[in-house]
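The residues making up each chain are set out below.
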Amino acid sequence: MNVLIYSGPGTSIESVRHCNDTLRRLLDPHYAIINVSSHTLRTEPWAPHTALLVFPGGADLPFCRELDGEGNRRIDHYIRQLGGRYLGFCAGAYYGAKTVEFEMGSKKMEVRGHRELGFFKGVARGSVYPGFVYGSDTCAVAANIISSLPENAIQNEQKDALFSVYVNGGCLFVDADEDEDVEVLARYSDKLAVSGTDLADKSASTKDVRLLPAAAIYTRAGEGQAVLAGIHPEFSPDLLHLPAPNTPYAATIAQLKHDDAQRVAFLSGVLRRMGLKVNKPDLAGQVSPSRPSRMVLSALYVERLPYVLEELLASIGEPSSQTILGTTNQFVLSDASLGNLFQTERTRNKTQIQVDVYYNKLPEVKHTPNFNHELYYNSLRSCYADGRLVEDLGSFLLYGEVVSSTSSLLLDNYNLLSRLPNGFSVVGGIQLAGIGRGSNVWVNPPGVLAVSSVLRFPRDNFAISGTPSTNIVFVQYLVTLAMVEAVRTYGDLGYGAMPVRIKWPNDIYAEIPTEEGELQLLKIGGALVTNNVVGAEDVTVAGIGINVANTSGPSTSLNAVLAILNAQRRRSLNLSPLEPYTTEKLLALYFVILQRMLTEFRYQGFKPFELLYYRRWLHSGKTVQFCDANGERVPVCVKGISSISGMLVAEEQIDVDKEYAPLFGGNWSRPKRKYELLPDGNSFDLFEGLIKVKGV
């Protein structure tokens, strides 16, 4: 079963990160912790496989914009009809209440209104502490709360446990004790900026705990249940930004660290109260997949490794300590042959990454259980030999069992990125903070192939018209197309029937037949390509992820689609089943196909790939709605991609002669307008048939 963490618009990156860290420690391996977008919640069949839906902190108005209507209908059905569970922290708690009152009286920040979910029938009111500022932790406090959960009583050896948790803009639940369906799990014991009651004859007294304002509540909702917490028990002080010494925020973090065991015990009690299987506190405190692991560096030709590393150490490193000094991270190199592999001690420096370098051999599977290096390099060598290509892409591989983000490791270390050889790639077994277009952040569990590669293009080496920077736009199309072709040419000709398609500009979807005989589109992958200008070169980071074998996610995997295809082959043609995909072989084939495409692209541009791209994408001749910057909608027909600019070309579908000629006595006409849309400035909602300018 899955624990889904909403990570779309409205959530803060910090809140999503803390949710992932703490919930993985408490719930892994009993549940798969997965980040999901609003698109997933609105359109995909996530509910039957979900044990808990979590809404982190941030701002709840964007939640409304993304999910009001169909999204909330599905969430409500999951909770009230299917017996699901909802856990809301801060903004997620406001969102789960019937009425929101936030910073009342403030001209800039006041929010008041009703919310569709309404798990708590009353008012969520905040901010409970004064001075809240969006996007800042300067006014965050270590709020003193009282919990009656048995887990906290064990910690403090008293009935009502007093301890501190992180609060920044949080809420209380007005008169929660008056609702017989509500159980108060925690109360504020500090003096607050807002009132916890609207009853004239009820006044809070510190002598009577039951009259203190509710900080976290549990409530039944139909067949399901919800916990709303105006506090942040998921926030670990170890992951908070280090403050300047001798500041109020430094004292806040010190207090949070002192009470951290009680925080973990409280959230453990909340999850158990909801009926989830939770790790014991001693297990929750151990090193887990919620933190990046040591990494391993290997090469197709190991004799090349010393030269590359020596150059990096000489230019941006400290040769004496074998440390490469990136812009953000320090990469400490260790010779894998010395036998100190994957030592359990962890550095106190969170920006430091330990890298075991394999100068003489390949990593053993016992050290990298989610990735077989021998299988990968054997597949890469075989594929390159068949294609007779220069072995650039994938010939250097930096791999981590657990990484923050394969793309961020490159993009956040610009001085390193600018010096890495063409084709250098980073692969993650588990990705904790994968990045996508816009503000999307997610976790990739095992079985998802996540890779980012360095692609170098001399800016004067393009033969087609247009500026070199314009031509770079096409790289994202080639990256996505290369992965689709790797899926379809994996081995036997039968793989060519895999129903894998491209959604503009860089998403990969599978067409899944339903019981009704219709085709359902489910996203299984996507790409993010980021370009940097370094001297006379475009240095591009091409990131792509695809679900190869993970079956616990809210969507589907290549092997799940292959199982359907195999059933059809057996039933209709009596053919033997095709072998399942492996991440290692698929990655090798992707690199070889992309290498071939890029070699041709450098000299002929995108033109040779247009026909194949159009065969693989979902849009040719489709009529959709274009929503411009003013919110006006125009029906347009998708024509293709401009071979010069790389923009999506669409033509309006209104009958302009019929609409405008009467205004001019029947003697007026104009050609239909054409729209050219940049990938980075527009989004394509496939299910609503809508292309819209971002931000609309």
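Structural data are supplied above this passage.
Reading the values: the criteria
- Residues numbered from 1 in each chain as written.
- Predicted model: local features only at pLDDT ≥ 70, side-chain atom pairs only at ≥ 80, totals over all residues.
- Heavy atoms only, no water.
- Helix = DSSP H or I, 4+ residues; strand = E, 2+ residues; numbered from the N terminus.
- Contact = heavy atoms within 4.5 Å.
- Areas by Shrake-Rupley, 256 points an atom, 1.4 Å probe, with all protein chains shown as cover.
- Salt bridge = Lys/Arg side-chain N within 4 Å of Asp/Glu carboxyl O.
- Buried < 20%, exposed > 50% of the residue type's maximum accessible area, 1.4 Å probe, protein only.
- Core = buried A, V, L, I, M, F, W, Y, C linked by side-chain atoms within 4.5 Å.
- Domains from an automatic or database assignment.
- Axes fitted to C-alpha atoms, helices over the stretch in contact; angles between N-to-C directions.
- Parallel < 35°, antiparallel > 145°, perpendicular 65-115°, else oblique.
- Left-handed = near helix turned anticlockwise from the far one by under 90°.
- Nonpolar A, V, L, I, M, F, W, Y, C, P; charged D, E, K, R; others polar.
- Expected span 1.5 Å × (residues − 1).
- Pairing = 2+ DSSP bridges.
- Phe/Tyr/Trp six-rings, centres within 6.5 Å; stacked < 30°, edge-to-face > 60°.
- Lys NZ or Arg CZ within 6 Å of the ring centre and 35° of its normal.

What follows is about the overall build of the protein. On a plain count of helices and strands, the protein comes out with 19 helices and 32 strands. A separation threshold of at least 6 residues defines the contact pool for the protein, and within that pool the share at least 24 residues apart is 69%. For the protein, the exposed surface amounts to about 29700 Å²; the carbon and sulfur share of it is 52%.

With that settled, the discussion passes to the pattern of salt bridges. Here the idea is simple: oppositely charged side chains can pair when their charged atoms come close. Within the structure shown, the criterion is met by 23 salt bridges. A salt bridge links Asp-179 to Lys-121; its shortest N-O distance comes to 3.8 Å. Here Asp-179 is found in the loop between strand S10 (171-173) and strand S11 (182-188), whereas its partner Lys-121 is found in strand S7 (residues 120-126), with 58 residues between them in sequence. Using a relative accessible area of 52% as the deciding quantity, one classes Lys-121 as exposed. The salt bridge partner of Asp-181 is Lys-121, with a shortest N-O separation of 3.3 Å. Here Lys-121 lies in strand S7 and Asp-181 lies in the loop between S10 and S11, a separation of 60 residues in the sequence. Look at Asp-181 and you get partly exposed, because its relative accessible area is 39%.

What follows deals with the nonpolar core. Of all hydrophobic cores here, the largest spans 79 residues; its most connected members are Ile-546, Leu-558, Tyr-581, Leu-586 and Tyr-590. No other element matches helix H17 (residues 583-604), which puts 12 residues into this core. Looking at this core, you find at least three residues from each of domain 2 (295-359 + 366-615) and domain 3 (622-693). Once you skip the residues sitting within four places of it in the chain, Leu-586 turns out to touch Leu-449, Met-483, Ala-486, Val-487, Tyr-490, Ile-546, Val-548, Leu-558 and Tyr-581. Ranked by size, the runner-up nonpolar core spans 43 residues in total, among them Leu-87, Val-167, Val-174 and Leu-271.

Looking now at the packing of helix H1 (residues 13-27) against helix H8 (residues 260-273). The interhelical angle for the contact between H1 and H8, taken along N-to-C directions, is 70 degrees, at an axis separation of 11 Å. By the criterion of interaxial angle, the relationship of H1 to H8 is roughly perpendicular. Handedness of the H1/H8 crossing: right-handed. When H1 is examined against H8, the residues Thr-22, Leu-23, Leu-26 and Leu-27 are found in contact with a partner set consisting of Arg-263, Val-264, Leu-267, Ser-268 and Leu-271. In the contact of H1 with H8, the residues fall into six nonpolar, two polar and one charged.

With that out of the way, let us pick up H8. For H8, with 14 residues, the first-to-last C-alpha span of 20 Å sits near the 20 Å given by 1.5 Å per residue. Those residues of H8 that fall on the buried side of the exposure criterion are Asp-260, Gln-262, Arg-263, Val-264, Ala-265, Phe-266, Leu-267, Ser-268, Gly-269, Val-270 and Leu-271. Just past H8, the residue Gly-275 takes up positive phi, approximately 90 degrees.

This next bit is on the pairing of S7. With six of its seven residues buried, S7 lies for the most part within the structure. Judged from the five bridges that link them, strand S5 (residues 97-102) and S7 form a sheet pairing that is parallel. By the bridge assignment for S7, Thr-99 is matched with Val-123. Strand direction decides the pairing type here: S7 and S10, joined by three bridges, are antiparallel. Across the sheet, residue Gly-126 finds its bridge partner in S10, namely Cys-171.

Let us now look at the pairing of strand S18 (residues 352-357). If a strand is regular, its side chains alternate between the two faces of the sheet. Counted residue by residue, S18 has five buried out of six residues, so it is predominantly covered. By the bridge criterion, three bridges tie strand S14 (residues 295-299) to S18 in an arrangement that is parallel. Bridging from a neighbouring strand, Leu-297 pairs with Val-357 of S18. In this sheet, S18 lies alongside strand S17 (residues 330-335) in parallel orientation, the contact comprising six bridges. What sits directly across from Leu-333, in S18, is Val-355.

A few words on the packing of aromatic side chains. Working definition: an aromatic ring pair is given by the centre-to-centre distance plus the angle between the planes. Applying the stated criterion across every chain, the model contains 35 aromatic pairs. Ring plane angle 70 degrees and centroid distance 6.2 Å describe the contact between Phe-474 and Tyr-477, whose orientation is recorded as edge-to-face. For Tyr-477, a relative accessible area of 0% gives the class buried. Between the NZ or CZ atom of Arg-273 and the centre of the ring of Tyr-218, over which it lies, the distance is 4.0 Å. Across the ring face of Tyr-490, the terminal group of Lys-585 is positioned such that the distance to the ring centre comes to 4.6 Å.

Here helix H15 (residues 475-488) is 14 residues long and its end C-alpha atoms lie 20 Å apart, about the 20 Å a rise of 1.5 Å per residue gives. With 14 of its 14 residues buried, H15 lies for the most part within the structure.

Note the cis peptide between Gly-126 and Ser-127, where omega equals 0 degrees. Along the chain, the position of Ser-127 falls in the loop between S7 and strand S8 (141-147). The phi dihedral of Asp-175 is positive, around 50 degrees, even though this residue is not glycine. The backbone phi angle of Asn-574 is positive, close to 55 degrees, even though this residue is not glycine. In this fold, Asn-574 is placed in the loop between helix H16 (558-573) and H17.

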